[in-house]
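Results of the structural survey
One-letter residues, chain by chain:
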Amino acid sequence: MALPLPSAEWYSKEPPSTVGVRARSFVPSMPRREDAILMTNEQRIPRPNAEALREMNDEMLISIFQSGDRDVYRILVERHQERIRNLLYSIFHDRTFIDDLSQEVFIKAYQALPRFRFEASFYTWLYRIAVNKSRDELRKKKLRRFFSFQTLDEGFDGEISSRLSVPPENRDTQELVSLGLQTLPEKFRTAVVLKDIDGLSYEEIAEVMQCELGTVKSRISRARSMLKKSLKPLLEEVKS
Amino acid sequence: MKRMNEERWKLFFSLYVDEVLSKEGQALVEDRLKSDAPARAYVEELRRLKALLSSKQKLVPDIGFATRLSAALEEQKMDERSLLPFPRRYLPAVTALTAVILVVTGVYINTNKGQFSHFFSEKSQAVRDVYEKNVLQGSLLPLFSKVDKDQALQFSLFGTLALDDKSETALRVDEQTEKGYRIEVGKDFKKNTPITFDHFLAEVKPTVEQKYIIDSLLELTGHRIESSVLIGDNNIMAIAPDLPRLNRMMVTNIASCLEPPQRIRFERLLEVNDAPYSVSSRSVPDGKKVHVLQKIPTLRRNNDFVIITPDTMMYSRIQVDFDSLRRRMEKDFLKIELHREALLKKMMAKDFQRIRRNIALPIPPMVGSEEFFSVEISVPGEENEQQHMRVVIQPRVRKQGINPESLPRSIRIHRWNDTAATPANTVP
């Protein structure tokens, strides 16, 4: 039996924005690779060229991915890797560690993408994975520090405090901002990074952090207050 | 204006900076800012902070990231594939098949649970029956009614004790491994030359004091043997699992109370008669305590016995009043002796074999060859027993003995100091 062919407008169709409805049900599904091998030349759908793929939005690329063409994942990675790496760098402030962690985030996303239900945008979904991953990693770090018999104050935070006390003329502003962020507890740090560095809306942050909107607002306000205190000399300098 | 606490104002200022306040909220904040200079400074600082954070330098894009990720994904796929013994696409089918098999097995077991429970409880029921019919009815008699010095010496030196006058059947204890013993009852043992106490005295030449000590030791051993092997109706036999230790203990004690030249003669006597133990001396470091004699209790304290019948075996605690038994045996000596012999004959001859053939179980759990049966006992934690002793008693490399491999079946009891009833384990 001949497989149903997608219509000519297949690629131009936008997935519906209705929450809870799978976009794929509206979009004719691409034949699987295994089936495509058995097709005749007439039946075979021409694969969009790289340019066309790059112009598609995330949701359409995910639809293609879910239809069996796993190669499109590379485009999604290229599109979002920078944001994810920057987010993780803002949270951890450790370049050596970021590559591995980003890779883990994208591997996890690759494994979960076949089950992606288009209820949220891809990048908030990806952010959620990254935030969860960073939480796990911070928990592990805390455990490692605990088992190395080093208290939190004496260890990591103590180091940051000493670095922040260096005279302003000898410090790099970017470095100081990063160090200031490190002094915040994880939930405040993530919230303020998502808001002020990544520019997400309050609603998106609530979705990424899986908490109430009011909680997000309060966390960001408190994070800014704390950060204001730790970066006071720098803020004075900026003012002058 | 409704009064608000400072934290709430800070939240409002934060939202004001982000321009997400409603019109009313915005008007409220602006009203306050007009009249409150510190509040204005706070908002100003928030704006500077926001600008500082948003101007934070981004990382340089990593061109090779996607390629490295592809390689990592490929590697992971390979790992996943190598974990499965079949192609990954068959995984759902295999899972479904396994689930179906499990469900079918579960349903089958559930519908036939009566049969299964019967099968598993049959053995324990048999053990319980034996215990109730034989042990609780109090029909046990000591197998050895009167062990004299010569018999005690024979047991001490060779680990064998004749069960009849012609020494055709015997009970034998044998140290098989460093940690275990074997108790055997049967006919086809290598017969050792009987060594009487007089013969021992003539060969070893102990002094008068040594003779008295050895004499009393043998008397104690005799009592101990009497209380260690019991026999009852329905082919039941109860053996104290620590009986084999008595053998080595006695050789140690005899050797300990001898002087070096006498000990050499004693060792020669053991060697010539192919006794299971050899005696050697060693120097003990200063300050170490030297035990001369090991204490031999006349009666067993813990009353644990291995109860053996032709088709079952269990481990149990039996309270036996040996004093009243002895009195009864002295009173009706002949009658009891005849009964004892009859029981023994019945056990060693046809009945054992007949019962064995009637056993419905695929492997009879407790019968040896045609001529004897044996019980192996593992006794843990005895390596250091002779650590501080001047005289060391070691199992002799036997010239001729029963090869455990050649036995068709025997019973092994592990952890015999556990008081719970232990079902029989077969060793092919």
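Residues numbered from 1 in each chain as written. Chains lettered and ligands numbered in written order. Predicted model: local features only at pLDDT ≥ 70, side-chain atom pairs only at ≥ 80, totals over all residues.

**Comments concerning the overall build of chain A**
Put simply, the test is: By definition, any uninterrupted DSSP run of H or I lasting at least four residues is a helix, any uninterrupted run of E lasting at least two residues is a strand, and each is numbered from the N terminus. Buried means a residue has 20 or more other C-beta atoms within 10 Å of its own C-beta, exposed means 12 or fewer, and partly exposed covers the counts in between; C-beta atoms are placed from the backbone. Contacts here follow a simple rule: the backbone-placed C-beta atoms of the two residues must lie within 7 Å.
The secondary structure content of chain A amounts to twelve helices and zero strands. Looking at chain A as a whole, 31% of its 240 residues are labelled buried. Taking the contacts inside chain A whose residues are at least 6 apart along the sequence as the reference set, 63% of them involve residues at least 24 apart.

**Details of helix α5 (residues 91–111) of chain B**
Put simply, the rule is: Every helix has an expected span of 1.5 Å times one less than the residues it contains.
Relative to the 30 Å expected for 21 residues at 1.5 Å per residue, α5(B) spans 30 Å between its end C-alpha atoms, a close match to the ideal helical length. In terms of burial, α5(B) is largely open, as just zero of its 21 residues are buried.

**Brief notes about the pairing of strand β5 (residues 229–232) of chain B**
Residues and elements named next belong to chain B. Operational definition: Two strands form a pair only when DSSP identifies at least two bridges running between them.
Side chains of β5 alternate between two faces, with V229 and I231 and L230 and G232 buried alike. Note: strand β1 (residues 141–142) against β5, two bridges, orientation antiparallel. Residue pairing across strands places P142 opposite L230, the latter belonging to β5. The pairing of β5 with strand β6 (residues 236–239) spans four bridges and is antiparallel. Within the sheet, the bridge partner assigned to G232 lies in β6 and is I236.

**Thoughts on unusual backbone geometry**
Backbone geometry follows two general trends: most residues other than glycine have a negative phi, and most peptide bonds adopt the trans configuration. For A:F118, which is not glycine, the phi torsion reads 60° and is therefore positive. With respect to the helices and strands, the residue A:F118 is situated in the loop between α5 (95–112) and α6 (122–147). Phi is positive for B:K205, which is not a glycine, with a value near 55°. Under the C-beta neighbour-count criterion, B:K205 is labelled partly exposed, with 15 such atoms within 10 Å.

**Comments concerning the confidence of the model for chain B**
Residue and element names in this part refer to chain B. Under the convention used in this document: The predictor rates its confidence in each residue with pLDDT, a number between 0 and 100.
Predicted confidence across chain B gives a mean pLDDT of 71, with 64% of residues reaching 70 or more. Long-range and interchain partners of residues 287–291, a stretch whose pLDDT sits below 50, account for eight contacts in this model, where long-range means more than four residues apart. Confidence drops under a pLDDT of 50 for residues 399–428, and excluding neighbours within four residues, the segment shows 57 contacts in the predicted structure. Confidence estimates for the predicted assembly give a pTM of 0.44 and an ipTM of 0.71.

**Structural notes on the interface of chain A and chain B**
Every contact between the two is made by 29 residues of chain A and, on the other side, 27 residues of chain B. For the side of chain A that touches chain B, the secondary structure elements donating two or more residues are α4 (73–92), α5, α8 (173–182), α9 (186–197), α11 (213–230) and α12 (232–239) of chain A.

**Some points on the pairing of strand β8 (residues 304–308) of chain B**
Residue and element names in this part refer to chain B. Of all the five residues making up β8, four are buried; the element is thus mostly covered by neighbouring parts of the structure. Here β6 runs beside β8; their pairing, made up of three bridges, is antiparallel. Within the sheet, the bridge partner assigned to I239 lies in β8 and is V306.

**With respect to the nonpolar core**
Worth spelling out the cut-off: Note on definitions: a nonpolar core is a set of buried residues drawn from Ala, Val, Leu, Ile, Met, Phe, Trp, Tyr and Cys, linked by C-beta atoms within 7 Å.
Within the largest apolar cluster, 61 residues are counted, with the highest numbers of intra-cluster contacts made by A:L88, A:A130, A:A191, A:V192 and A:I205. A per-element tally of this core places α4(A) first, with nine residues. In terms of nonpolar packing, the next biggest core, distinct from the first, is built from 50 residues, B:L140, B:M237, B:F266 and B:Y277 among them.

**Overview of the confidence of the model for chain A**
Chain-level pLDDT for chain A is 76 on average; 68% of the residues reach the 70-or-more range. In this model, residues 1–6 of chain A is a region of pLDDT below 50 whose contacts with residues beyond four sequence positions or in other chains number eleven contacts.

**Quick word on the packing of helix α9 (residues 208–226) of chain B against helix α10 (residues 243–256) of chain B**
Residues and elements named next belong to chain B. Rules: Fitting a line to C-alpha atoms yields each axis, with helices limited to the stretch in contact; the angle taken between N-to-C directions then spans 0 to 180 degrees. In this scheme, roughly parallel covers angles under 35 degrees and roughly antiparallel covers those over 145, while 65 to 115 is roughly perpendicular and the rest are oblique. Amino acid classes used here: Ala, Val, Leu, Ile, Met, Phe, Trp, Tyr, Cys and Pro are nonpolar; Asp, Glu, Lys and Arg are charged; the rest, including Gly, are polar.
As a packed pair, α9 and α10 sit with axes 11 Å apart at the nearest point and diverge in direction by 175°. Classified by the angle between their axes, α9 and α10 sit roughly antiparallel to one another. Across the interface between the two elements, I214, L217, T221 and R224 of α9 pack against L246, M250, N253 and I254 of α10. Of the residues assigned to the contact of α9 with α10, the class counts are five nonpolar, two polar and one charged.

**Considering the environment of A:V192**
Residue and element names in this part refer to chain A. If you trace the backbone, V192 turns up in helix α9. Spatially, the C-alpha atom of V192 lies 8.7 Å from that of L181, the residues being eleven residues apart in sequence. Residues in contact with V192, not counting those within four places in the same chain, are L184, I220, A223, R224 and L227.

**So, the environment of B:K346**
All names here are of chain B. Residue position: K346 is located in helix α13 (residues 333–348). Among the residues examined, K346 registers 15 C-beta atoms within 10 Å and is labelled partly exposed. Here the alpha-carbon distance between K346 and N235, two residues 111 residues apart in the chain, equals 7.1 Å.

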